[in-house]
Amino acid sequence: QVQLVESGGGLVQAGGSLRLSCAASGSIFRINAMGWYRQAPGKQRELDAAITSDGSTNYADSVKGRFTISRDNAKNTVYLQMNSLKPSDTAVYYCNANVGAGSSWYDYWGQGTRVTVSS
């Protein structure tokens, strides 16, 4: 079993910055990829950014140039640096980890951390 603990959300003015953290613990044999997703009221959960085991990254068009995903493999932690925040970024942000255990891959989710951007 894998647990993901998120932190770093909060209230920020438009144009400001936040840094989200997600630490993974438990029965981690291999982390294939980790990512950050957002879920705004009335909308589906959407991918913002992901990073794979080889360090390659993928970003949603809406956050390219503003958000940066990074990882610390020694700490099993992924970060999302969010700059130039806009009110439309207001959402609950969820950390995801795709973990290999044995011959299978499993997805785990954090509890979510709230980000509110005021205008």
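In this convention, every chain numbers its residues from 1, walking through the sequence in written order. Thresholds applied to this predicted model are a pLDDT of at least 70 for local features of residues and 80 or more for the giving and counting of side-chain atom pairs; totals over whole chains, interfaces and linings are not thresholded and use all residues. Excluding hydrogens and water, the side-chain figures rest on all heavy atoms present in the structure.

1. A few points about the pairing of strand β9 (residues 91–101)
And then number 1: Type-normalised accessible area, obtained with a 1.4 Å probe on protein chains alone, sets the label of each residue: buried when under 20%, exposed when over 50%, and partly exposed for intermediate values. Note on conventions: DSSP H or I runs of at least 4 residues are helices, E runs of at least 2 residues are strands, and numbering of each starts at the N terminus. Counting buried residues in β9 gives 10 out of 11 residues, a clear majority hidden from the surface.
And then number 2: Where strand β4 (residues 30–39) and β9 come together, nine bridges link them in antiparallel fashion. Bridge assignment links Y37 to a residue of β9, and that residue is Y94.
And then number 3: Only when DSSP finds a minimum of two bridges between them are two strands counted as paired. Strand direction decides the pairing type here: β9 and strand β10 (residues 104–109), joined by six bridges, are antiparallel. For N96, the partnering residue across the bridge sits in β10 and is W109.
And then number 4: Remark: two residues form the turn of the hairpin made by β9 and β10, two consecutive strands paired antiparallel; G102 in that turn has positive phi of roughly 65°.

2. Side note on the pairing of β4
And then number 1: In the sheet, β4 pairs with strand β5 (residues 46–52) via six bridges, with the strands oriented antiparallel. Residue pairing in the sheet places A33 in a bridge with T52 of β5.
And then number 2: Connecting the antiparallel pair β4 and β5 is a turn made up of six residues, with G42 showing a positive phi of about 75°.

3. Notes on unusual backbone geometry
Note: most residues except glycine have negative phi, and most peptide bonds are trans.
And then number 1: For N76, which is not glycine, the phi torsion reads 50° and is therefore positive.
And then number 2: Tracing the sequence through the fold places N76 in the loop between β7 (67–72) and β8 (77–82).
And then number 3: Taking relative accessible area as the criterion, N76 reaches 27% and is therefore assigned partly exposed.
And then number 4: Despite not being glycine, S84 has its phi angle at roughly 50°, a positive value.

4. Considering the state of the cysteines
And then number 1: Our working definition of a disulfide is a cysteine sulfur pair at a distance within 2.5 Å. The tally for this structure, following the rule as stated, stands at one disulfide.
And then number 2: Paired through a disulfide, C22 and C95 show a sulfur-sulfur distance of 2.1 Å. Around the S-S axis, the bridge from C22 to C95 shows a dihedral of about -80° and counts as left-handed. Of this pair, C22 sits in strand β3 (residues 18–26) while C95 sits in strand β9, and the two are 73 residues apart along the sequence.
And then number 3: C95 sits in the buried class, given a relative accessible area of 0%.

By themselves, these observations are geometric and do not establish any function.
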